[in-house]
Amino acid sequence: MHALYITHPQVRIDPAVPVPQWGLSDVGAQRAREASRLPWAKALRRIVSSAETKAIETAHILAETSGAEVEIVEAMHENDRSATGFLTPPEFEKAADWFFAHPQESFHGWERAIDAQARIVGAAKAVLDRHDPQQPIAFVGHGGVGTLLKCHIEGLGINRSRDQPPGGGNLFRFSIAEFLLAAQRPTCDWTAMETWQG
């Protein structure tokens with residue numbers, strides 16, 4: 001059986017609100033609803049979400065058709081960027097490039113990429129260690145840590161070239177058994193959630 005890692009789609013950006021509390025934009029919510037009607041989403045039996053608002057909203061929309069319960073795992077949060085506060089999109093992209101290019105260093109107080117990777121890999125393993133591999137499962141989270149997880153699964157060094165396409169709302173699939181044993185290639189590369197056919 002396989003697991004999915006799904007990133008939240010577009011959010012409502014508000015500099016006055018802490019980033020972990022941002023919710024989905026109308027476009028993001030609509031994309032999640034479109035995905036929820038697809039066969040792969042209807043088959044989900046377990047959805048494990050980051051505790052950030054945008055991920056929880058995505059998870060609950062995906063759960064509407066499958067009836068899957070949504071579990072919250074604090075350790076699945078995005079890389080901690082609170083030290084710099086809100087960055088404009090151009091500033092953020094430059095910072096993200098630096099974050100991935102210097103995984104063992106901190107960008108102005110951000111969580112280091114190697115630490116964020118260890119955290120997301122550990123969180124996924126903790127869930128899958130006690131998961132029935134016959135039950136379809138999805139993790140709902142964020143682009144940064146999702147990319148770090150994907151780099152681990154592929155057995156590659158941390159590199160932003162493995163990042164998702166712009167806009168979020170993408171997924172990749174990987175083997176549960178192989179993930180728990182050793183690095184392996186995802187069985188599906190980043191694909192928009194509302195177009196993936198499973």
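All of these numbers come straight from a predicted model, not from anything done at the bench.

Participant: Help me get a handle on the pairing of strand 2 (residues 46-49), residues and values and all.
Facilitator: Side-chain alternation along strand 2 places Arg 46 and Val 48 on one buried face and Ile 47 and Ser 49 on a second face that is also buried. As judged from the 4 bridges shared by strand 2 and strand 3 (residues 69-72), these two strands associate in the parallel manner. Pairing of Val 48 across the sheet is with Glu 71, part of strand 3. In this region the chain leaves strand 2, passes through helix 3 (residues 53-66) and returns to the parallel neighbour strand 3; the handedness of that crossover is right-handed. Where strand 2 lies against strand 4 (residues 137-141), 4 bridges are found, and the strand directions are parallel. What sits directly across from Ser 49, in strand 4, is Val 140.

Participant: Which residues make up unusual backbone geometry, and what are the values?
Facilitator: Its identity is not glycine, yet His 108 carries a phi of approximately 50°, on the positive side. Relative to the elements of secondary structure, His 108 occurs in the loop between helix 4 (89-101) and helix 5 (113-129).

Participant: Which residues make up the state of the cysteines, and what values go with them?
Facilitator: If you walk through the whole model with that rule in mind, you get 0 disulfides. The thiol of Cys 151 is not disulfide-bonded; the next cysteine sulfur, from Cys 188, is found 16 Å away. Given the relative accessible area of 10%, Cys 188 is considered buried.

Participant: Could you give me a rundown of the packing of helix 1 (residues 26-36) against helix 3, with the residues and numbers involved?
Facilitator: Where helix 1 contacts helix 3, the axes come no closer than 8 Å and their chain directions differ by 25°. The angle between helix 1 and helix 3 falls in the class roughly parallel. As helix 1 packs across helix 3, the resulting crossing turns out to be right-handed. Across from Ala 29, Ala 32, Arg 33, Ala 35 and Ser 36 in helix 1, the residues of helix 3 making contact are Ile 61, Leu 62 and Thr 65. Considered class by class, the residues forming the contact of helix 1 with helix 3 number 5 nonpolar, 2 polar and 1 charged.

Conventions adopted
In every chain, residue numbers begin from 1 and rise along the written sequence. Whole-chain, interface and lining totals are the exception, using all residues; otherwise, since this is a predicted model, local features are given only for residues with pLDDT of at least 70 and side-chain atom pairs are given and counted only at 80 or more. To obtain the side-chain values, all non-hydrogen atoms of the structure were included, while hydrogens and water were left out. With a 1.4 Å probe rolled over the protein chains alone, any residue whose accessible area is under 20% of its type maximum counts as buried; one over 50% counts as exposed, and the rest are partly exposed. Only DSSP runs of H or I reaching four residues or more are called helices, and only runs of E reaching two or more are called strands; each is numbered from the N terminus. Here, strands pair whenever DSSP counts at least two bridges between them. We call a crossover right-handed when, viewed with both strands directed away from the observer, the connection leading from the first strand over the helix to the second proceeds clockwise. Disulfide: a pair of cysteine sulfur atoms within 2.5 Å of each other. Simply put, an axis is a line fit to the C-alpha atoms, just over the touching stretch for a helix, and the angle between two N-to-C directions goes from 0 to 180 degrees. Every angle not falling under 35 degrees, over 145, or within 65 to 115 is termed oblique; those three ranges are roughly parallel, roughly antiparallel and roughly perpendicular. Handedness of each helix crossing follows the sense of rotation of the near helix against the far helix: counterclockwise by less than a right angle gives left-handed, clockwise gives right-handed. Whether two residues touch is decided by their heavy atoms; if any such pair falls within 4.5 Å, the residues are in contact. Polarity classes work like this: nonpolar for Ala, Val, Leu, Ile, Met, Phe, Trp, Tyr, Cys and Pro, charged for Asp, Glu, Lys and Arg, and polar for all others, with Gly in that last group.

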